[in-house]
Amino acid sequence: MSGRILRLVCTVAVATGALLAPVPAVAVPAPGPSASAGAGAGGPEVRSAARLLTNLQQRYREAERATETYNATVEKLGRQRTEVARLDARLVGARLSLHDSRGAAGRLARQQYQSSSGISSYLRLLLTRDPQRALDEGQVIRQLSRERVKAMDRLAGSERHTEGLARRARKALDDQLTLAARQKKERDAVRERLKDVEKLLASLTARQLAELDALEKRGTEAAQRKLVTSGALSSVRAPSPEGREAVEYAVKQLGKPYRWGATGPGSYDCSGLTSQAWDHAGQPIPRTSQEQWARLPRIPLTELRPGDLVVYFPEATHVAMYMGDGMVVQAPRPGTKIKISPIAANPVLGAVRPDPAGKPVGPYTPPALPSGAADGPDGSTR
């Protein structure tokens, strides 16, 4: 993202403050006779703000979906490059072996030719003055013939093996080029999505930004209250040793900027933060939020413990790390910094556990947080 775009997004993110949250119906009361003019609770300005917020949320979701698709392609491209290098190394070895096999076959052919007089072994035995020598020479010729057959078999096998490796190497290289082209296309798609966000943000007035701020906070508060009162969240649970280490790593990144495609150490995107935190804890997990949702064991929210991952949106395009007490640490979106937020700041899809075999250890004391690093359960900064 260009510096100009980043500065613009950062400026608006500071103005709006809260995370993009699901906006429940209660966040925008129906207009009534008591509604005040202007930015009243049910006035047209609030309805306009709700539409703006929905539009902004949709564009951020599109950008994050494109970002995670890009991240997945980057991962595949890295693996494909490793495969191409491996096949190239094997192909070099196979060609050297083929060269040696051809040399050995040639030497045996020459030896057999030099040892053979063109006379049958029967006649040679009748005409020679030394029958034993003739028998020995015949034995040598037969042995050379057998070795030559074996050498030719090995040569044919080496040629087939080398040809097969060459075909696989060519296909691997073609796949790499295809992935590289896809990576560029998906990178451009992310940039286009972020340009859309830039245009929308640049069109907003200070009053509209204030309305969006208030609407987001009300939406987050209502969603969090509904989730907490439903009993869907777990009580306080202790993390595993690896989970504790992952949380501590994530907390140390508070205040660092979100940057799409980043995995640290200076900046992260959402799944870059969670994957690096668990990698630091000695438990590597998939890179993207979709793969984390698809491949890690799922758990109900009632069993959440610190270190578990909370996945958001139907497409699993956002992920955060649970800290306990209904809060998560996350890299929210472009223009913001890593922070701690209510778990319901975005629509929850479900939760996964990177270390299902990990045993909880207690008592657990959450890491100390710097001032202003977290939003309260009601959406306010604490």
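Here the structure is a predicted model, which means the values were calculated and not measured.

Student: Explanation requested: the overall build of the protein in the structure shown.
Tutor: Counting its secondary structure elements, the protein contains 8 helices and 6 strands. Reading the protein from its N terminus to its C terminus gives the helix and strand order α-α-α-α-α-α-α-α-β-β-β-β-β-β. Out of the 382 residues belonging to the protein, those deemed buried represent 44%. Sequence separation of 24 or more characterises 75% of the internal contacts of the protein that already satisfy a separation of 6 or more. For the protein, the accessible area works out to roughly 19,700 Å², and carbon and sulfur atoms hold 55% of it.

Student: Which parts of the structure should I look at to understand the nonpolar core?
Tutor: As a rule of thumb, soluble globular proteins bury nonpolar side chains together. Ranked by internal contacts, the top residues of the largest apolar core, which has 35 residues, are Trp278, Leu309, Met321, Val329 and Ile338. Residue assignment for this core shows that the elements contributing at least two residues are α2 (44-115), α4 (131-202), α6 (241-252), α7 (270-280), β2 (309-312), β3 (318-324) and β4 (327-330). Top element by residues in this core is α6. It accounts for 5 residues. Look past the residues within four positions of Leu309 in its chain and what remains in contact with it is Thr274, Trp278, Ile285, Gln292, Leu296, Val319, Ala320, Met321, Gly350, Ala351, Val352 and Pro354.

Student: I would appreciate a short explanation of the sheet that holds β4 in the present structure.
Tutor: The strands making up a sheet associate through hydrogen bonds between their backbones, and the pairing can be parallel or antiparallel. Read across the open sheet, the 6 strands follow the order β1-β6-β2-β3-β4-β5; overall the sheet is antiparallel. The open sheet terminates on both sides in strands that have one partner only, identified here as β1 (298-299) and β5 (339-342). Examined bridge by bridge, β1 and strand β6 (residues 348-352) share 2 bridges and lie antiparallel to one another. Across the sheet, the residue bridging to Arg298 is Val352, located in β6.

Student: Is there a simple way to explain the pairing of β2 in this structure?
Tutor: Along a regular strand, successive side chains alternate from one face of the sheet to the other. The side-chain alternation of β2 yields two buried faces, one formed by Leu309 and Val311 and the other by Val310 and Tyr312. As defined by bridge partners, β2 adjoins β3 across 4 bridges and the pair is classed as antiparallel. Of the residues in β3, the one forming a bridge with Leu309 is Met321. The antiparallel hairpin formed by β2 and β3 contains 5 residues in its connecting segment, where Phe313 sits at a positive phi of about 70 degrees.

Student: Honestly, the environment of Val329 in this entry has me stumped. Any pointers?
Tutor: Relative to the assigned elements, Val329 resides in strand β4. Between the alpha carbons of Val329 and Val247 there is a distance of 8.2 Å; along the sequence they are 82 residues apart. Every residue in contact with Val329, bar those within four places of it in the chain, is listed here: Ala250, Leu254, Ala320, Met321, Met323, Ile338, Lys339 and Ile340.

Student: When you look at the pairing of β3 in this model, what are you seeing that I'm missing?
Tutor: Taking burial as the measure, the 7 residues of β3 include 7 buried ones, the bulk of the element. Hairpin geometry of β3 and β4 is characterised by an intervening segment of 2 residues between the two adjacent antiparallel strands and by a positive phi of about 60 degrees at Asp325.

Student: I tried to follow α6 on my own but got confused; where do I start?
Tutor: It helps to recall that an α-helix has 3.6 residues per turn; residues three or four apart then point in one direction. Between its terminal C-alpha atoms α6 stretches 17 Å, which fits the 16 Å expected from 12 residues at 1.5 Å a residue. All of the buried residues in α6 are Gly243, Ala246, Val247, Tyr249, Ala250 and Val251. Those residues of α6 hidden inside the fold are in contact with α7, β3 and β4.

Student: Teacher, can you tell me more about the pattern of salt bridges here?
Tutor: Working definition: two side chains of opposite charge can pair if their charged atoms are close together. Per the counting criterion, the structure on display carries 7 salt bridges. Asp355 serves as the salt-bridge partner of Arg305, at 3.5 Å between the closest nitrogen and oxygen. One end of the pair, Arg305, is in the loop between β1 and β2; the other, Asp355, is in the segment after β6, and 50 residues separate them in sequence.

Student: How do you make sense of helix α5 (residues 206-229) when you look at a structure like this?
Tutor: Here α5 spans 35 Å end to end across 24 residues, near enough to the 34 Å set by a 1.5 Å rise per residue. Turning to α5, its buried residues number three or more, namely Leu209, Glu211, Leu212, Asp213, Leu215, Glu216, Gly219, Thr220, Ala222, Ala223, Gln224 and Leu227. Phi turns positive, to about 80 degrees, at Gly231, one or two residues after α5.

Student: I would appreciate a short explanation of unusual backbone geometry in the present structure.
Tutor: Phi is mostly negative for residues that are not glycine, and the peptide bonds are mostly trans. Cis geometry marks the peptide bond from Gly264 to Pro265; its omega dihedral reads 0 degrees. Residue placement: Pro265 occurs in the loop between α6 and α7. The phi torsion at Phe313 lies on the positive side, around 70 degrees, for a residue other than glycine. One can find Phe313 in the loop between β2 and β3.

Student: What is the right way to read the packing of α6 against α7 from this model?
Tutor: Two measures define how a pair of helices packs: the angle their axes make with one another and the distance between the axes. Orientation of α6 relative to α7, taken along the N-to-C sense of each, is 130 degrees, at an axis distance of 8 Å. Of the possible angle classes, the one that applies to α6 and α7 is oblique. Regarding α6 and α7, the two cross each other, and that crossing is right-handed. In this structure, α6 uses Glu242, Gly243, Glu245, Ala246, Tyr249 and Ala250 to contact α7, whose residues at the interface are Leu273, Gln276, Ala277, Trp278 and His280. Tallied by class, the residues present in the contact of α6 with α7 amount to 6 nonpolar, 3 polar and 2 charged.

Student: I'm lost on the confidence of the model for the protein in this one. Help?
Tutor: Atomic detail in the predicted coordinates should be set aside for any region of low pLDDT. Across the protein, pLDDT averages 74, with 65% of residues at or above 70. In this model residues 118-123 is a low-confidence stretch, pLDDT under 50, and it forms 1 contact with partners more than four residues away in sequence or in other chains.

Student: What am I meant to see in the side chain of Asn71 here?
Tutor: With respect to the helices and strands, the residue Asn71 is situated in helix α2. For Asn71, a relative accessible area of 2% translates into the label buried. Among the polar contacts made by the side chain of Asn71, one reaches the side chain of Asp269 at a distance of 2.8 Å.

Rules behind the numbers
Residues numbered from 1 in each chain as written. Predicted model: local features only at pLDDT ≥ 70, side-chain atom pairs only at ≥ 80, totals over all residues. Heavy atoms only, no water. Helix = DSSP H or I, 4+ residues; strand = E, 2+ residues; numbered from the N terminus. Buried < 20%, exposed > 50% of the residue type's maximum accessible area, 1.4 Å probe, protein only. Contact = heavy atoms within 4.5 Å. Areas by Shrake-Rupley, 256 points an atom, 1.4 Å probe, with all protein chains shown as cover. Core = buried A, V, L, I, M, F, W, Y, C linked by side-chain atoms within 4.5 Å. Pairing = 2+ DSSP bridges. Expected span 1.5 Å × (residues − 1). Salt bridge = Lys/Arg side-chain N within 4 Å of Asp/Glu carboxyl O. Axes fitted to C-alpha atoms, helices over the stretch in contact; angles between N-to-C directions. Parallel < 35°, antiparallel > 145°, perpendicular 65-115°, else oblique. Left-handed = near helix turned anticlockwise from the far one by under 90°. Nonpolar A, V, L, I, M, F, W, Y, C, P; charged D, E, K, R; others polar. pLDDT = per-residue confidence, 0-100. Polar contact = N/O pair within 3.5 Å; in protein donor to acceptor, adjacent residues only side chain to side chain.

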